[in-house]
Amino acid sequence: MPKPLELFSILVLHGPNLNLLGKREPGIYGVVTLDEINCLLMSEASKLQVQILPLQSNHEGVLIDAIHNATEHHGILINAGAYTHTSVAIRDAISAMKKPTVEVHLSNIYQREAFRHHSYIASVAIGQISGFGAESYRLGLQALVHHLATN
Ligand code: DQA
């Protein structure tokens, strides 16, 4: 019997430089702004009947504190930006909190520079979606809600 979806609350974390979306390297990241991505997620969350709380920070510790404080949330959707490739600390925070986590990226990190091919988040995430622009977030939210509803 699937669980009622309106019970689910999801923390959406956007890492460093993602506040610049729309202006930042549009050939790689597109022209959609972070506000527009959050609106897209709000609209998808309403269709899925779940709640989301979006937070962007350029600071590793703020993201870690948000993960520690995610006790009331059922899952985490995260684009850790460049911290994806560097942060054992964010990886450890996700591992410690044991909240189902989906990793998303606008760009296909595996088609880019070699240093972007490794993700510290991937091994503690239930899955990763990479390369679909802003749509990666919507797909990631759908995948996370599906996981929560069926596990
Ligand atoms: C990114 C990919 C990262 O390599 C990069 O540092 C970012 C954005 C993406 O969404 O494609 O800041 O996470």
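For the structure, check the block above.
Residues numbered from 1 in each chain as written. Predicted model: local features only at pLDDT ≥ 70, side-chain atom pairs only at ≥ 80, totals over all residues. Heavy atoms only, no water.

**Q** In this structure, what is going on with the site of the ligand? I would like to understand it.
**A** Taken together, the residues surrounding the ligand are R24, Y29, N79, G81, A82, H85, H105, L106, S107, I109, R112 and R116. In this structure, A82 approaches the ligand through a main-chain N or O atom, which is 3.2 Å from an oxygen atom. In the environment of the ligand, an oxygen atom lies 2.8 Å from a nitrogen or oxygen atom belonging to the backbone of L106. Coverage of the ligand by the protein amounts to 99% of the 330 Å² it exposes when considered alone. Tallied by class, the residues present in the shell around the ligand amount to four nonpolar, five polar and three charged. (Near = heavy atom within 4 Å. Polar contact = N/O pair within 3.5 Å; in protein donor to acceptor, adjacent residues only side chain to side chain. Areas by Shrake-Rupley, 256 points an atom, 1.4 Å probe, with all protein chains shown as cover. Nonpolar A, V, L, I, M, F, W, Y, C, P; charged D, E, K, R; others polar.)

**Q** Teacher, can you tell me more about the sheet that holds strand β4 (residues 101–105) here?
**A** Adjacent strands of a sheet pair through backbone hydrogen bonds, lying either parallel or antiparallel. Overall, parallel pairing links the five strands, which are arranged β2-β1-β3-β4-β5 in an open sheet. At either end of the open sheet lies a strand with only one pairing partner, and these are β2 (51–56) and β5 (127–130). Sheet twist, expressed as the mean angle between neighbouring strand axes with direction ignored, is 20°. Judged from the six bridges that link them, strand β1 (residues 9–14) and β2 form a sheet pairing that is parallel. When the sheet's bridge partners are listed, S9 is paired in β2 with Q51. (Pairing = 2+ DSSP bridges. Helix = DSSP H or I, 4+ residues; strand = E, 2+ residues; numbered from the N terminus. Axes fitted to C-alpha atoms, helices over the stretch in contact; angles between N-to-C directions.)

**Q** Would you mind going over unusual backbone geometry with me for this structure?
**A** Negative phi is the rule for most residues except glycine; trans is the rule for most peptide bonds. In this model, N17 sits at a positive phi of 75°, which is unusual for a non-glycine residue. Locating N17 in the fold gives a position in the loop between β1 and α1 (26–29). Residue N17 is classed as partly exposed on the basis of its relative accessible area, which comes to 34%. (Buried < 20%, exposed > 50% of the residue type's maximum accessible area, 1.4 Å probe, protein only.)

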